[in-house]
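Now for the letters of each chain:
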Amino acid sequence: MKGKNVTAEELRSRIDVAAGNVKADIVLKNARIVNVFTEKIEEADVAILGDTIAGIGRYHGGIEIDLSGKYVCPGFLDGHIHLESSMVSPRKFERAVLPHGTTAVVTDPHEITNVAGADGLRYILDSTEDLTLDVYVMMPACVPCTPIDESGAVFEAKDIRPWYTQERVLGLAEMMNSIGVVNKDADILQKIADVESCGKLIDGHAPLLSGKALNAYAGAGVLSDHECSNTEEALEKLSLGQWIMIREGTAAMNLEALISLCDAPYYQRCMFVTDDKHPGDLIEKGHIDYIIRKAVRLGADPIHAIKMATWNPAQYFRLYDRGAVAPGYRADLVILEDLQDIRVCGVYKNGKPAFETEENAPKPRTDYPRVWDSFHMPEVSEADLAVRSDGSIERVIELVPGELLTKELLIAKIEKTGFPVGVDPDQDILKAVVLERHKNTGHRGVGFIKGYGIRKGAVASSVAHDSHNLIVIGATDRDIALAANRVRQNGGGLSVVIDGKVAGELPLPIAGLMSELSAEETEKRLEELKKLCRDIGIAEGIDPFMTLGFVSLPVIPQLRLTTRGIVDVGKQEVLEAFF
């Protein structure tokens, strides 16, 4: 990563302040500093000049702020997030996370690129350029995520290569097609060779990959993984030199299972990430601060946890000017009341209180036509939802509570009066449909799902990882078609249909993924939809839309549903719903 531009005169000024010859701009007095190098708490002042920490010790400044023993630590860094999962624009996302101490994020714009291609990438880079929050980008590695998926764009190695010249592009994002790496897919190997030749990073995504296949994957240059769901898996990857991103998001929560990684020596090569985070979680629980707080509650050393949210990701991503409270480092600082509840009571970004800067006007919508016009599909009829029902055995995708993994369930074919073949809400077995929405191909996949919980109606979403086609789960074809058509009419979003009527909706006009509303208003409307879902049977602990969004992701075992049909992830083969 390129360093900050600094002049000799600026260095002279910094040295004068550090030596105590000249006052600092701001001094945070009487602070308890979390030292990520010694892993101790040091009582001292923090002298700030411009956007940089000039000295630690006893100083005077033009502005002096007495912290009265509060703790100061580096700004938090989320090493892997899809901004699109917040369901709000980047500017609204910034306003949600800065108060929680997040001063930088590394985003994978995989979702919007799957929808809008280069337009989506430009939208993310342009709309984050002038934010107070630092937003770095890892280039989407798998658009589509596998050849069996069907997205709105295709990004081959030649399409990705030119973007590495951008300073805020740090490398290649989660390489989800681990099978393609191991099998030496030509385009994937070219993508890896390109990023390594630029001296940049490659993030990983390889759930349950093990043994010699994992050796091949890591040996190809993939440096990290955020899909570990148990300690044994994480330790194998650590032992082969990979960094572990401990994920605690809205859909996947792995911290409790991996809490032992917060101990020595493992924590030195681990970091906290959110991956996907809905607005309600950001508002009610927090962001990276929430993960630190939960880790401490589970028994982690607070300094280890803070280091895993600051110094470790800064080192991994080669952001060498941040991640520590020390001379010469960027003055991105978080002030905490204590080291148990991890309550943020102040945030400094580039040496200033984080909210001193004014919001800039967003870029004009016309810059990114594919972002604002992302639905290209006909109206859905009940006839479109038919499924070939030959055979006596029904194949069902069974959700695993609290996990992204699914199982295969084989049962006798259901034929229940009043419902489509294969559906029985009393057994919690519903119809699931994925409809291609990018290029008007008319492709659709139909299958069955257990564990979603609704007893009637239908739930539809254009947030369907990773290709973000239109996905619907419901009990009747009438309600499924109505829910799908309402999302189509809105140009993307969510809808809930009950007894033949649209009971609630949330338009997401930005690529069918994000709202123009604030995080608070988006969450209010989202909670109204979740309540409707709970009213028709979804359990309190299940997020209906985040869960729905991962049903079509064909890189996480065992079964998924795409526009091609039911997919066996391990074999990357399409299977029949009945046989």
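Residues numbered from 1 in each chain as written. Predicted model: local features only at pLDDT ≥ 70, side-chain atom pairs only at ≥ 80, totals over all residues. Heavy atoms only, no water.

K.L.:
Outline the overall build of the chain, listing residues and values.
P.N.:
When its secondary structure is counted, the chain shows 17 helices and 27 strands. A compact globule built from 579 residues would reach a C-alpha radius of gyration of about 25 Å, and the chain, at 24 Å, matches this within 12%. Reported as C-alpha extents along the three principal axes, the dimensions of the chain are approximately 85 × 50 × 45 Å. Going through the 579 residues of the chain one by one, you find that 60% of them count as buried. Residue pairs in contact within the chain that sit at least 24 positions apart in sequence constitute 69% of those at least 6 positions apart. Of the roughly 21,200 Å² of accessible surface on the chain, 49% is carried by carbon and sulfur atoms. Computing the positive centroid from 63 side-chain charges and the negative centroid from 86, the chain places the two 1 Å apart. (Helix = DSSP H or I, 4+ residues; strand = E, 2+ residues; numbered from the N terminus. Rg over C-alpha atoms; globule rule 2.2 N^0.38 Å. Buried < 20%, exposed > 50% of the residue type's maximum accessible area, 1.4 Å probe, protein only. Contact = heavy atoms within 4.5 Å. Areas by Shrake-Rupley, 256 points an atom, 1.4 Å probe, with all protein chains shown as cover. Lys, Arg positive; Asp, Glu negative; His and termini not counted. Charge placed at Lys NZ, Arg CZ, Asp CG, Glu CD.)

K.L.:
Explain the environment of Gly-57 residue by residue, including any values.
P.N.:
Positionally, Gly-57 belongs in strand 3 (residues 52-57). Expressed as a C-alpha distance, the spacing of Gly-57 and Ala-18, which sit 39 residues apart in the sequence, is 9.1 Å.

K.L.:
Account for the environment of Leu-133, naming residues and giving values.
P.N.:
Within the secondary structure layout, Leu-133 lies in the loop between helix 4 (118-128) and strand 8 (134-139). Overall, Leu-133 belongs to the buried group, its relative accessible area being 1%. In this structure the C-alpha to C-alpha distance between Leu-133 and Ala-104, which are 29 residues apart in sequence, comes to 5.6 Å. Residues in contact with Leu-133, not counting those within four places in the same chain, are Phe-93, Glu-94, Val-97, Thr-102, Thr-103, Ala-104 and Val-105.

K.L.:
Describe the sheet that holds strand 11 (residues 224-225), naming the residues involved and giving the relevant values.
P.N.:
If you walk across this open sheet you meet the 3 strands as 11-12-13, and the pairing is parallel. Of all the strands in the sheet, just strand 11 and strand 13 (270-273) have a single pairing partner and so form its edges. (Pairing = 2+ DSSP bridges.)

K.L.:
Account for the pairing of strand 23 (residues 493-498), with residues named and values stated.
P.N.:
Extensive coverage of strand 23 is indicated by the burial of 6 of its 6 residues. Side chains Gly-493, Ser-495 and Val-497 project from strand 23 onto one buried face, and the interleaved Leu-494, Val-496 and Ile-498 project onto a second face that is buried too. As paired elements, strand 23 and strand 24 (residues 501-507) share 6 bridges and run antiparallel to each other. Note that in strand 24 the partner of Gly-493 across the bridge is Pro-507. Taking the residues between adjacent antiparallel strands as the criterion, strand 23 and strand 24 are bridged by 2 residues, where Asp-499 takes a positive phi near 55°.

K.L.:
Tell me about the pattern of salt bridges, and please be specific about residues and values.
P.N.:
Throughout the structure, instances matching the rule amount to 36 salt bridges. Salt-bridge contacts for Arg-293 lead to Asp-289; the nearest nitrogen and oxygen are separated by 3.8 Å. Taken together, the residues Arg-293 and Asp-289, both in helix 11 (residues 288-297) and 4 residues apart, mark about one turn of the helix. By relative accessible area, Arg-293 is classed as buried at 9%. Asp-426 is the partner of Lys-416 in a salt bridge, and the nearest nitrogen-oxygen pair spans 3.4 Å. Note that Lys-416 is positioned in the loop between strand 18 (406-412) and strand 19 (429-435) and Asp-426 in the loop between strand 18 and strand 19, a separation of 10 residues in sequence. Take Lys-416: its relative accessible area is 28%, and that puts it in the partly exposed class. Taken together, the salt bridges that share partners define one network made up of Asp-134, Asp-321, Arg-322, Arg-330, Asp-332 and Lys-349. (Salt bridge = Lys/Arg side-chain N within 4 Å of Asp/Glu carboxyl O.)

K.L.:
So what about the environment of Asp-321? Which residues, and what values?
P.N.:
Turning to its location among the elements, Asp-321 is positioned in the loop between helix 13 (311-316) and strand 14 (333-336). Given a relative accessible area of 18%, Asp-321 falls into the buried group. Between the C-alpha atoms of Asp-321 and Ala-331, which are 10 residues apart in sequence, the distance is 9.4 Å. Only 3.4 Å separates the side chain of Asp-321 from the side chain of Arg-322, close enough to count as a polar contact. (Polar contact = N/O pair within 3.5 Å; in protein donor to acceptor, adjacent residues only side chain to side chain.)

K.L.:
Describe the confidence of the model for the chain, naming the residues involved and giving the relevant values.
P.N.:
When pLDDT is averaged along the chain, the result is 94; 97% of the residues meet or exceed 70. Note on residues 357-364: pLDDT under 50 across the span, and 8 contacts to partners over four residues away in sequence or across chains. (pLDDT = per-residue confidence, 0-100.)

K.L.:
Lay out a nonpolar patch on the surface in plain terms, naming residues and giving numbers.
P.N.:
Together, Val-6, Leu-11 and Ile-15 line one region of the surface with nonpolar side chains, adding up to about 250 Å² of accessible area. If you trace the backbone, Leu-11 turns up in helix 1 (residues 8-18). (Patch = residues over 30% accessible without salt bridge, like charges linked within 9 Å, V, L, I, M, F, W, Y side chains within 5 Å.)

K.L.:
Tell me about the pairing of strand 25 (residues 559-562), and name the residues and values.
P.N.:
The two faces of the sheet receive side chains in turn, since in a regular strand these alternate between them. Side-chain alternation along strand 25 places Leu-559 and Leu-561 on one buried face and Arg-560 and Thr-562 on a second face that is also buried. Two strands pair when backbone bridges link them, and strand 25 and strand 26 (residues 565-568) are joined in this way by 4 bridges, in the antiparallel orientation. Considered in strand 26, the bridge of Leu-561 is made with Ile-566. Between strand 25 and strand 26, which pair antiparallel in sequence order, lie 2 residues.

K.L.:
Just give me the short version of unusual backbone geometry, but keep the residues and values in it.
P.N.:
Each neighbour pair has its own omega, and for Val-143 with Pro-144 the value is 0°, a cis peptide bond. Among the secondary structure elements, Pro-144 is positioned in the loop between strand 8 and helix 5 (157-160). Despite not being glycine, Met-87 shows a phi value in the positive range, around 65°. Examined against the element boundaries, Met-87 turns out to sit in the loop between strand 6 (76-81) and helix 2 (90-97).

K.L.:
Residue-level account of the packing of aromatic side chains, with values.
P.N.:
Within the structure shown, the criterion is met by 7 aromatic pairs. Their ring planes at 80° and their centres at 5.0 Å tell us that Phe-37 and Trp-311 sit as a pair that is edge-to-face. Placement of Phe-37 in the loop between strand 1 (24-35) and strand 2 (40-49) and of Trp-311 in helix 13 is noted, with a sequence separation of 274 residues between them. The class of Trp-311 is buried, set by a relative accessible area of 16%. (Phe/Tyr/Trp six-rings, centres within 6.5 Å; stacked < 30°, edge-to-face > 60°.)

K.L.:
Quick one: what's the story with the sheet that holds strand 10 (residues 201-204), residue by residue and with numbers?
P.N.:
Read across the sheet, 5 strands follow the order 6-7-8-9-10 without closing on themselves; strand pairing throughout is parallel. Pairing within the sheet leaves two strands with one partner each, and these edge strands are strand 6 and strand 10. On average, each strand axis in the sheet is tilted by 30° relative to the strand beside it, whichever way the strands run. Pairing geometry for strand 7 (residues 102-107) and strand 8, over 4 bridges, is parallel. Note that in strand 8 the partner of Thr-107 across the bridge is Val-137. With respect to the sheet, helix 11 is in contact with strand 6 and strand 7, its orientation differing from that of strand 6 by roughly 100°. (Axes fitted to C-alpha atoms, helices over the stretch in contact; angles between N-to-C directions.)

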